[in-house]
Amino acid sequence: MKVVIVYESLTGNTKRAAELMGGLLAERGVDTTVCPITGIDHQALALADLVVVGGWVDGLFFVGQRPGRAARFEAFPPIDGKRCLVYCTYAIDPGKTLEKLTRIMQRRGAQVLGGMTIKRSRLEQGAREFVDRLLQAVPA
């Protein structure tokens, strides 16, 4: 299985989660490419069996949460029919950010299988849980 993890990160938390996930997948023998949304590896994306997309929560503490820099996700290359998982990192409350990111990726043609929110104070645990769920949902 080939996995591409694409992330948008403001403070480094979402990047760190992506790197942790990439390392955990590689340890389990999964061919994984990790890249920022501003530097997508288009060849790896074209060859990917699964695309993981991650972002951060923008908005007020409990109101108006959305994927940070959502326009970058809206401009994501079309991935018609590709299986996709989404995640977002947050500090206080993710609100409906995950659902909004899911809808954006569906508009880009992805078949979104699910997603997960990861609290920024628990990145390592969240990355492990995400990878475990990923491998159960999409066996290598």
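Residues numbered from 1 in each chain as written. Predicted model: local features only at pLDDT ≥ 70, side-chain atom pairs only at ≥ 80, totals over all residues. Heavy atoms only, no water.

Trainee: Help me get a handle on the pattern of salt bridges, residues and values and all.
Mentor: Following the criterion strictly, the structure yields 8 salt bridges and no others. Note that Glu 129 and Arg 133 form a salt bridge whose closest N and O atoms lie 2.6 Å from each other. With Glu 129 and Arg 133 both in helix α5 (residues 123–137) and 4 residues apart, the pair spans about one turn of that helix. A relative accessible area of 33% places Glu 129 in the partly exposed class. Shared partners join several salt bridges into a network, and the residues in it are Glu 8, Arg 69 and Arg 72. (Salt bridge = Lys/Arg side-chain N within 4 Å of Asp/Glu carboxyl O. Helix = DSSP H or I, 4+ residues; strand = E, 2+ residues; numbered from the N terminus. Buried < 20%, exposed > 50% of the residue type's maximum accessible area, 1.4 Å probe, protein only.)

Trainee: I'd like a rundown of the pairing of strand β5 (residues 83–90), residues and numbers included.
Mentor: Where a strand is regular, its side chains alternate between the two sheet faces. Counting buried positions along β5 gives 7 out of 8 residues, so the element sits mostly inside the fold. Summarising the sheet, strand β3 (residues 50–58) and β5 pair through 7 bridges and their orientation is parallel. Its bridge partner lying in β5, Val 53 is registered against Val 86. Pairing between β5 and strand β6 (residues 111–119): 8 bridges, direction parallel. Note that in β6 the partner of Val 86 across the bridge is Gly 115. (Pairing = 2+ DSSP bridges.)

Trainee: Quick one: what's the story with the side chain of Thr 102, residue by residue and with numbers?
Mentor: Relative to the elements of secondary structure, Thr 102 occurs in helix α4 (residues 97–107). Excluding its chain neighbours within four sequence positions, the residues that come into contact with Thr 102 are Val 86 and Val 112. (Contact = heavy atoms within 4.5 Å.)

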